[in-house]
Amino acid sequence: IDSADGEPVLEIYRQFQPYDKALNEIYALLKEQLSSETMQNLQSEQIKWIEKKEATATNEAEKYKGGSFEFVAYNSSLYGTTKNRCYELVNNYMTD
């Protein structure tokens with residue numbers, strides 16, 4: 001990847017990082033707040049979500065295999081799914 005092609009990858013990665021960090025923070029808070037039964041269910045759900053997230057990103061990248069957009073597609077997919085997961089966890093598990 002030359003510098004012109006690398007810039008979109010870096011930008012998407014920069015956008016992804018805060019959501020990845022937030023997801024880990026949300027998950028840590030939920031570990032403290034949820035009952036053990038609910039947390040066990042969430043852990044199983046989270047493992048499935050991680051597998052699906054990775055598979056989706058790989059599939060998106062495959063569409064551009066060998067092209068300069070391959071890595072952008074992969075990281076863009078991670079960004080979108082991770083961002084959405086943050087909101088899902090907050091909306092579904094964090095209550096007043």
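Now for a look at the structure at hand. (Residues numbered from 1 in each chain as written. Predicted model: local features only at pLDDT ≥ 70, side-chain atom pairs only at ≥ 80, totals over all residues. Heavy atoms only, no water.)

## Quick notes on the packing of aromatic side chains
Part 1: What the rule picks out here adds up to 3 aromatic pairs.
Part 2: Aromatic side chains tyrosine 13 and phenylalanine 16 sit 6.3 Å apart centroid to centroid with 45° between the ring planes, which places their arrangement in the tilted category. Pair noted here: tyrosine 13 and phenylalanine 16 are both in helix H1 (residues 3–33), with a separation of 3 residues, about one helical turn.
Part 3: In this structure tyrosine 13 comes out as partly exposed when scored by relative accessible area, which is 41%. (Phe/Tyr/Trp six-rings, centres within 6.5 Å; stacked < 30°, edge-to-face > 60°. Helix = DSSP H or I, 4+ residues; strand = E, 2+ residues; numbered from the N terminus. Buried < 20%, exposed > 50% of the residue type's maximum accessible area, 1.4 Å probe, protein only.)

## Description of the environment of alanine 22
Part 1: Inspection of the secondary structure assignment puts alanine 22 in helix H1.
Part 2: Placed 33 residues apart in sequence, alanine 22 and alanine 55 show a C-alpha to C-alpha distance of 21 Å.

## Section: the environment of isoleucine 12
Part 1: With respect to the element layout, isoleucine 12 can be found in helix H1.
Part 2: Owing to a relative accessible area of 15%, isoleucine 12 belongs among the buried residues under this scheme.
Part 3: When the C-alpha positions of isoleucine 12 and tyrosine 79 are compared, they lie 7.1 Å apart, and in sequence the two are 67 residues distant.
Part 4: Apart from the residues within four sequence positions on either side, isoleucine 12 is in contact with Val72, Asn75, Ser76 and Tyr79. (Contact = heavy atoms within 4.5 Å.)

## Some details on helix H2 (residues 36–62)
At 3.6 residues per turn, the α-helix brings residues three or four places apart onto the same side.
Part 1: Between its first and last C-alpha, H2 extends 39 Å over 27 residues, near the 39 Å set by a 1.5 Å rise per residue.
Part 2: Turning to H2, its buried residues number three or more, namely Met39, Leu42, Gln46, Trp49, Lys53, Ala57 and Ala61. (Expected span 1.5 Å × (residues − 1).)

## Looking at the nonpolar core
Considering soluble globular proteins, one finds that nonpolar side chains tend to be buried as a cluster.
Part 1: Core analysis: the biggest nonpolar cluster contains 11 residues, these being Leu23, Ile26, Tyr27, Leu30, Leu34, Met39, Leu42, Trp49, Cys86, Leu89 and Tyr93.
Part 2: Put simply, the parts of the chain that give this core at least two residues each are H1, H2 and helix H3 (70–93).
Part 3: A total of 4 residues in this core trace back to one element, the largest contributor, which is H1.
Part 4: Setting aside anything within four residues of it in sequence, one finds leucine 89 in contact with Leu23, Ile26, Leu30, Leu42, Gln46 and Met94. (Core = buried A, V, L, I, M, F, W, Y, C linked by side-chain atoms within 4.5 Å.)

## Some thoughts on the pattern of salt bridges
Part 1: Summed over the entire model, instances satisfying the criterion amount to 5 salt bridges.
Part 2: Salt-bridge contacts for glutamate 11 lead to arginine 14; the nearest nitrogen and oxygen are separated by 3.1 Å. You can see glutamate 11 and its partner arginine 14 sitting in helix H1, 3 residues apart, about one turn around the helix. (Salt bridge = Lys/Arg side-chain N within 4 Å of Asp/Glu carboxyl O.)

## Digging into the packing of H2 against H3
Part 1: Orientation of H2 relative to H3, taken along the N-to-C sense of each, is 160°, at an axis distance of 8 Å. As far as their axial angle goes, H3 and H2 are roughly antiparallel. The interaxial crossing formed by H2 with H3 has right-handed handedness. Within the contact between the two elements, H2 uses Thr38, Leu42, Glu45, Gln46, Trp49, Lys53, Glu54, Thr56, Ala57, Thr58, Glu60 and Ala61 and H3 uses Glu70, Ala73, Tyr74, Ser77, Leu78, Thr81, Thr82, Arg85, Leu89 and Tyr93.
Part 2: The class makeup of the residues in the contact of H2 with H3 is 9 nonpolar, 7 polar and 6 charged. (Axes fitted to C-alpha atoms, helices over the stretch in contact; angles between N-to-C directions. Parallel < 35°, antiparallel > 145°, perpendicular 65-115°, else oblique. Left-handed = near helix turned anticlockwise from the far one by under 90°. Nonpolar A, V, L, I, M, F, W, Y, C, P; charged D, E, K, R; others polar.)

Any functional reading would require information that these geometric values do not contain.
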